[in-house]
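# Geometric and topological summary
Below, each chain spelled out in residue letters.
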Amino acid sequence: MAASPSPDAPSGSVFLGVDVGTGSARAGLFDKKGKLLGSSSSPIQIWKDGACVEQSSTDIWLAVCAAVKSACSKAKVAPTEVQSLGFAATCSLVAVDSDSSPVSVSWSGDSRRNVIVWMDHRAVEQAERINSSKSPVLEYCGGAVSPEMEPPKVLSEAVPSFLYWPLYTLYCLVTSIASILWLTCCFVVKKEINCRSLEYGNDCISVDDGNDL
């Protein structure tokens, strides 16, 4: 049965916030003044096997749904009262097929385990290999990648072999786009410097007083 409208929240004035953490999904409903009308959480299953940490995207979605429904019930808020939604989640890698069905990333082959959790450290060696390349793309992520980031995890040794090519193709696509953006920025900056030189012409004066700035 749908929840009855909350007397404390006029229609269209309720805001829903959802936070998907590592261990649970949380939902909270707030009014325009920021008052919490109701909240709830639902646990998320997690599998740990050495450096491998995995979850199920289906389980995560069901946890989100359960948390939202429970929060609405506690706040006595109907879906039509929700004006906007804010959503936050951890940075984990989810593998699905073309039909959005889960694809296992687990060495166990368990079809439920299609999420490599952010804290998974199966790709330490792969991260070191990427960092040793000294690629300019690394400048966009603080100069180095962490084993907790997606690129190291999509390399062949980090996931079951049947996932290698689709994930590696995605990795190559992302890094190629980043490289193009980096080269474009370099070109634009260089062109801007040249334009400035032409603009000032002979008025450009180089001063060398022997002191380093």
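Figured I'd write up the structure that's included with this text. (Residues numbered from 1 in each chain as written. Predicted model: local features only at pLDDT ≥ 70, side-chain atom pairs only at ≥ 80, totals over all residues. Heavy atoms only, no water.)

## Observations regarding the sheet that holds strand E1 (residues 14-20)
- Strand order in the open sheet formed by four strands is E3-E2-E1-E6, with mixed pairing between adjacent strands. This sheet does not close on itself; its edge strands, each paired only once, are strand E3 (36-43) and strand E6 (82-89). Ignoring strand direction, the axes of neighbouring strands in this sheet form an average angle of 15 degrees.
- The pairing of strand E2 (residues 24-30) with E3 spans seven bridges and is classified as antiparallel. Looking at E3, one finds that Ala 27 is bridged to Ser 40.
- Against the sheet, helix H1 (residues 57-75) engages E1, E2, E3 and E6, with an angle of about 150 degrees to E3. (Pairing = 2+ DSSP bridges. Helix = DSSP H or I, 4+ residues; strand = E, 2+ residues; numbered from the N terminus. Axes fitted to C-alpha atoms, helices over the stretch in contact; angles between N-to-C directions. Contact = heavy atoms within 4.5 Å.)

## Details of helix H2 (residues 124-132)
- Listing the buried residues of H2 in full gives Gln 126, Ala 127, Ile 130 and Asn 131. Taken down its axis, H2 places every buried residue within 135 degrees of arc, on the same side. In H2, the exposed residues that point more than 90 degrees away from the buried face are Glu 125, Glu 128 and Ser 132.
- Lys 134 sits one or two residues past H2 and shows a positive phi near 55 degrees. (Buried < 20%, exposed > 50% of the residue type's maximum accessible area, 1.4 Å probe, protein only. Arc of directions from axis to C-beta.)

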